[in-house]
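Remarks on the overall topology
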Amino acid sequence: MSDGPPVIGLQREREVLTVALQTHRHVVLEGPPGTGKSTLLRAVAGEVGRDVVFVEGNAELTPARLVGSYDPAAVMAEGYVPGSFTDGPLLTAMRGSGLLYLEELNRIPEETLNVLITVLTEGEIAVPRLGTVRAAAGFRLIAAMNPFDAIGTARVGQAIADRMCRVVLGYQDEAAEREIVASVTGARPRPVALAVALVRATRGHRDLRTGSSVRGAIDLVLLLDGLLRLRGLAGLEDDGAREAARDALHAALSGRIRVTEGVERTPEAVLDEILDQVWPVGAAPPDPSPGAPPSPAGDGPGKAGGLPPEAAGPDSGGARRERPARRGPRQTARRELQLRHAAFDEVSPEVGELDEEAFAGLMGADPDAAAALLADLATATDRELRAAARRLAARVFVQVGRVGAARARGTRRLVTGRGGDGELDLDRTLERWSGPWPPAPEDVATRRWAGARRAVCLVVDRSGSMSGLGVAIAAVAAAGVVLAAGERLGTSVLAFADRVEVLQQQGRHRSAEDLVLALVGLRGHGTTDLAAALRAAAGQLRTAAHADERLVVLLSDCLATAGGDAASALGGIDRLDVLCPLPGGTAEEEALAASRALAARGGGSVAPVRSLADLGPALTRLLG
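Small disclaimer: the values here were computed from a predicted structure and weren't measured.

**Let's talk about the state of the cysteines**
- With the rule as written, the count across this model stands at 0 disulfides.
- Here Cys558 is not disulfide-linked; the sulfur of Cys580 is the nearest cysteine sulfur, at 6.3 Å.
- Classification of Cys558 by relative accessible area gives buried; the value is 8%.

The structure is reproduced here in structure tokens:
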């Protein structure tokens, strides 16, 4: 049996994993942090008597570190013989009938993951100079990943996913989490019940994109117990115990939770609200008897998955307010916004007012509806409302764009150079070296991850019915492009209809907030001259003298109504990718066909964009 902690709950998942190993399947365990993926694997491996070889997945895991490499000193003494080769974790597991456990699968570079394809399919791998290594009968690959983490991750390629079974783990129920915390901490039932109730409440709070795992409850109990002893308190019933719980809560959970993009609250403020709901001021501490903890104010989508699977609608934040009387010349504009957006009266209950708390609730329940409303409010005839909406849009759209612009896996490649940092390339070093050992630093060849210098121009189509969600998507895309800029990525932004407007010149800095404010002021008008836009983009890219690759990201349905053939204007553009907005309707197929045709001529790809949720992965893939 396993020497690790016992598995509590997860009976179905345990059975599926056990049978998968018995039937010679490779498995990926998928779930948020703290759901017991590693514990489950250790327990099952112990039951079947298998050794587990652990590998931490990260952006620096090279094929050589995974597979193994020749030892330079041994090669100099004996040559490229099998005894000179040092097995990496993959070959160690393959030769030893063990389980190779890859943590954080979606953080591993694509070039490294490709090494696994023949291993998963044929059970063997061809290693240069060493030959073919075949896996022993008991070898299995078990991977784990958190699909909800957007930072430094990317989607696992279909070539890998198609060769593995998938077991999804979720959070255990309340009773199981209490048992887990109690078994790890040895604490009394009351602090365990309090900690579990607080942690579970973070997963359902409307202002939180990501809640805490059971690890947070464990830390909370240990910190609370220590603070009570340090302050001379016997238990939660003593005066001052609630303040100790608050301090422990902030320390244990504030770094684990993630506030929803666009919500202007600190993690500590959200935790204070949750504490007030679970343990109100002046009340006795929660009863440790089994039962559901009180739901915090603002129940919503704060689970580990980020955006909710379904929109809760404009009334999810509470009862609707009384609609105040309308008067003055702004009434017609407000009436138009009322008809267009069901949540308008919640977000702007009176003339000149923008209720940011109500907007935050809508953002949590239905991000697309909230973004479309905010974009339209930014051009309202109500001057005070318009100014407030523009200030809020600059914050919200930049925050959402920052998430979308996270680095994608697979944009870097292993390159060989002289000296410097990196992993020794023994073959290249021996090819260059002809003198005494060890070679001089300038004769040493190393491999490191590197990326090419690129120039990217985002071209936004502002013709036609540019409003609402279309404006929001354009603003977030522009913010994402600007935020992704760096030493190896230069950016520019254009907007076009029948003429082209330069919003950010190539190589010139403009803050993401300023760019968003410029874009939310745009409204659709005029014809669509794609050719003129592409020529202007090529002109911007020509100024990037040191770029190795010049790319255009076109946010358009590609249905030109003016100018010449757009494909004839692709000179100077190395690749054209299209983000095709698809708000619904009969023109979708026509827009997709036109986008695919133009992207194919430009050597790029098409990413349909129906919502803000589609935009982040597309930007990550194109800009990483």
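What follows picks up the thread again.
**Side note on the packing of helix H9 (residues 174–185) against helix H11 (residues 214–230)**
- Put simply, H9 and H11 touch, their axes get as near as 10 Å, and they point 45° apart. It follows that H9 is oblique to H11 by the angle criterion. The chirality of how H9 crosses H11 is right-handed. Listed contacts from H11 to Glu177, Ile180, Val181, Val184 and Thr185 of H9 are Val214, Ala217, Ile218, Val221 and Leu222.
- Looking at side-chain class alone, the contact of H9 with H11 contains 8 nonpolar, 1 polar and 1 charged residues.

**Quick notes on the environment of Leu21**
- Mapped onto the secondary structure, Leu21 falls in helix H1 (residues 11–22).
- Residue class for Leu21 comes out buried when judged on its relative accessible area of 4%.
- Not counting the four nearest positions on each side in its chain, Leu21 is found in contact with Val44, Leu99, Arg140 and Ile142.

**With respect to the packing of helix H16 (residues 356–365) against helix H17 (residues 367–377)**
- Running from N to C, H16 and H17 point in directions that differ by 135°, and their axes come no closer than 5 Å. Taken together, H16 and H17 sit at an angle that is classed as oblique. Along the contact surface, H16 presents Phe359, Leu362, Met363 and Ala365, while H17 presents Pro367, Ala369, Ala370, Leu373 and Leu374.
- Across the contact of H16 with H17, the residue classes break down as 9 nonpolar, no polar and no charged.

**Describing the sheet that holds strand E5 (residues 99–103)**
- Overall, parallel pairing links the 5 strands, which are arranged E2-E5-E8-E1-E9 in an open sheet. Whereas interior strands pair on both sides, the edge strands pair on one side only; in this sheet they are strand E2 (52–56) and strand E9 (165–168). Strand-to-strand, the axes of this sheet are offset by a mean angle of 20°, without reference to chain direction.
- In terms of strand pairing, strand E1 (residues 27–30) meets strand E8 (residues 140–145) through 4 bridges, oriented parallel. Residue pairing for E8: Glu30 is matched across the bridge by Met145.
- Together, E1, E2, E5 and E8 form the strand contacts of helix H2 (residues 37–48), whose direction differs from that of E5 by roughly 175°.

**A few points about the environment of Gly603**
- Locating Gly603 in the fold gives a position in the loop between helix H23 (588–601) and strand E20 (606–609).
- In sequence terms Gly603 and Asp574 are 29 residues apart; their C-alpha atoms lie 7.6 Å from each other.

**Considerations on the sheet that holds E20**
- If you walk across this open sheet you meet the 6 strands as E17-E16-E15-E18-E19-E20, and the pairing is mixed. Where the open sheet ends on each side, the last strands, each with one partner, are strand E17 (500–504) and E20. Sheet twist, expressed as the mean angle between neighbouring strand axes with direction ignored, is 20°.
- With 5 bridges joining them, strand E18 (residues 549–555) and strand E19 (residues 575–581) adopt parallel strand pairing.

**What about the pattern of salt bridges?**
- Under the counting rule described, the total for this entry stands at 24 salt bridges.
- The partner of Glu30 in a salt bridge is Arg166, and the shortest N-O contact between them spans 2.9 Å. Taken together, the residues Glu30 in strand E1 and Arg166 in strand E9 connect sequence positions 136 residues apart.
- Here Arg134 makes a salt bridge to Glu124, at a shortest N to O gap of 3.4 Å. With Arg134 in strand E7 (residues 131–134) and Glu124 in strand E6 (residues 124–127), the pair connects residues that are 10 residues apart, well separated along the chain.

**Brief notes about the pairing of E5**
- Across the 5 residues of E5, 4 count as buried, placing the element largely inside the fold.
- Pairing of E2 with E5 involves 5 bridges; the strand directions are parallel. Residue pairing in the sheet places Glu56 in a bridge with Glu103 of E5.
- Summarising the sheet, E5 and E8 pair through 4 bridges and their orientation is parallel. Paired with Leu102 across the bridge in E8 is Ala143.

Conventions we followed
Residues numbered from 1 in each chain as written. Predicted model: local features only at pLDDT ≥ 70, side-chain atom pairs only at ≥ 80, totals over all residues. Heavy atoms only, no water. Disulfide = S-S within 2.5 Å. Buried < 20%, exposed > 50% of the residue type's maximum accessible area, 1.4 Å probe, protein only. Axes fitted to C-alpha atoms, helices over the stretch in contact; angles between N-to-C directions. Helix = DSSP H or I, 4+ residues; strand = E, 2+ residues; numbered from the N terminus. Parallel < 35°, antiparallel > 145°, perpendicular 65-115°, else oblique. Left-handed = near helix turned anticlockwise from the far one by under 90°. Contact = heavy atoms within 4.5 Å. Nonpolar A, V, L, I, M, F, W, Y, C, P; charged D, E, K, R; others polar. Pairing = 2+ DSSP bridges. Salt bridge = Lys/Arg side-chain N within 4 Å of Asp/Glu carboxyl O.

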